[in-house]
Amino acid sequence: MTEHRPVTEATASPVKVPTLPDAQTVTEVQHYTDRLFSFRCTRPASLRFRSGEFVMIGLMQTDPKTGKEKPLLRAYSIASPSWDEELEFYSIKVPDGPLTSRLQHIEPGDQIILRPKPVGTLVHDALLPGKRIWFFATGTGFAPFASLLREPQTYSDYDEVIITHTCREAGELTYGAGIIDNLKDDELLNEVIGEGFWKKIKYYPTTTREESPKMGRITDLMRSGEAFEDLGVPPLNPETDRAMICGNLAFNLELKEMLEEYGLEEGANSDPKTYVVEKAFLD
Ligand code: A2P
């Protein structure tokens, strides 16, 4: 099978290769496990987005029928905050996934395609004011929260920020743990929100298939009350608590049901309420 690489200046032929209208250049790539990696790329000058939103990104591929180059795109949450000069993405690697089987091989200097039309429901605008915000993630569903955790509004709007991340294996927590570790030294947040802003954060990572300090699905840990005990907070209450969910489909559905049992209601950009949900985008 032929591996199609993204079109770069070095490989581009001035005659045959079309110019890529939405191309951005990869600036940094980091691999965490054989299933996960993150990368950064240039940001189009025209792109304005709200932390938590997603865009379509991808690579060029040859259409087997016509032989023409066309983009293969998937929805990816932007993992960097809205103020960042570059864009960051956090991705799974699916060995036979049409996009990620190739995307996982990108290197600095390569080009990706990015449609600068951000959308999404995991935004502060879709929630009513509250005291405590919960970010619930599984796997690569951490990505929009990597953006929101670096967004000053998260700390100006809430007294407490709780981020739960459930993964199969401990290595899959590395990216999220790194983001949280670095928050303490985030110049913008320290300046805008004030030193010690990070004391508002409670990080609750759990694993389900490999030994780690906290084992179990967050849903089960909440049902048993263990999660609330560990975190030192009461169960969710629609008067004070707001929530955002981003993970695999089964997780989203189960947690949605749980949040509704606590009395929270699903909000949207046009109708802010007490929780919002978005599925993680897998290849
Ligand atoms: P488990 O290992 O028990 O299936 P995946 O990599 O398949 O997307 O899963 C990411 C994490 O989400 C895993 O730790 C998985 O746990 C957990 N998970 C899957 N379904 C649910 C669910 N319905 N509720 C809570 N956690 C879930």
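This write-up is about the structure you can find in this document.

About the thresholds
- Within each chain, residue numbers correspond to sequence positions counted from 1 in written order.
- Per-residue local features are limited, in this predicted model, to residues with pLDDT of at least 70; the limit for side-chain atom pairs, both in listing and counting, is 80 or more; totals at the level of whole chains, interfaces and linings are taken over all residues.
- To get the side-chain values, all heavy atoms of the structure are used, and hydrogens and water are removed first.
- Cavity: a set of points on a 1 Å grid over the protein atoms alone where a 1.4 Å probe fits but cannot get out. Pocket: an open set with protein on both sides within 12 Å along at least five of seven lines, its lining residues, like those of a cavity, having an atom within 4 Å of a point.
- Grid points are joined across faces, edges and corners, and a volume is the space filled by probe spheres set on the points.
- Numbered from the N terminus, helices here are DSSP runs of H or I no shorter than four residues, and strands are runs of E no shorter than two.
- Asp, Glu, Lys and Arg are counted as charged, while Ala, Val, Leu, Ile, Met, Phe, Trp, Tyr, Cys and Pro are counted as nonpolar; the rest, among them Gly, fall into the polar class.
- For each residue, the accessible area found with a 1.4 Å probe, counting protein chains only, is set against the maximum for its type, and the residue is called buried under 20%, exposed over 50%, and partly exposed in between.
- Note on pairing: DSSP must find at least two bridges between two strands before they are called paired.
- In this analysis, the expected span of each helix is defined as 1.5 Å times one less than the number of residues it contains.
- Arc, as used here, means the arc of the directions from the helix axis to the C-beta atoms.
- Should any heavy atoms of two residues lie within 4.5 Å, those residues are considered in contact.

1. Considering the layout of surface pockets
Here the largest pocket defines a volume of roughly 520 Å³. Lining the largest pocket are 23 residues, with T138, G139, T166, R168 and N248 positioned closest to its centre. Elements with a contribution of two residues or more to the lining of the largest pocket: β8 (160-167), α6 (218-223) and α8 (249-261). For the lining of the largest pocket, the leading source of residues is α8, giving 3 residues. Of the residues that constitute the lining of the largest pocket, the class distribution is 8 nonpolar, 9 polar and 6 charged. Taken as a whole, the second largest pocket encloses approximately 340 Å³ of empty space. Those elements that provide at least two residues to the lining of the second largest pocket are β1 (23-33), β2 (36-42) and α4 (174-183). Of the residues forming the lining of the second largest pocket, the biggest block, 6 residues, is contributed by α4.

2. Some remarks on the pairing of strand β7 (residues 132-138)
The element β7 is largely enclosed, with a buried count of 7 among its 7 residues. Bridge count between β7 and β8: 7 bridges; the pairing is parallel. Counted as the bridge partner of F136 is T164 from β8.

3. Some details on α8
In an α-helix, one turn spans 3.6 residues; hence positions three or four apart end up facing the same way. Counted at 1.5 Å a residue, the expected span for α8 with its 13 residues is 18 Å, and the 19 Å between its end C-alpha atoms agrees. Within the span of α8, buried status applies to F251, N252, L255, M258 and L259. Relative to the axis of α8, the buried residues are bounded by an arc of 135° and lie together on one face. Along α8, the residues that are exposed and aim more than 90 degrees away from the buried face are L249, A250, E257 and E261. In this structure, the buried residues of α8 make contact with β7, α6, β10 (241-247) and β11 (275-279). One or two steps after α8, the chain reaches G263, where phi turns positive at roughly 100°.

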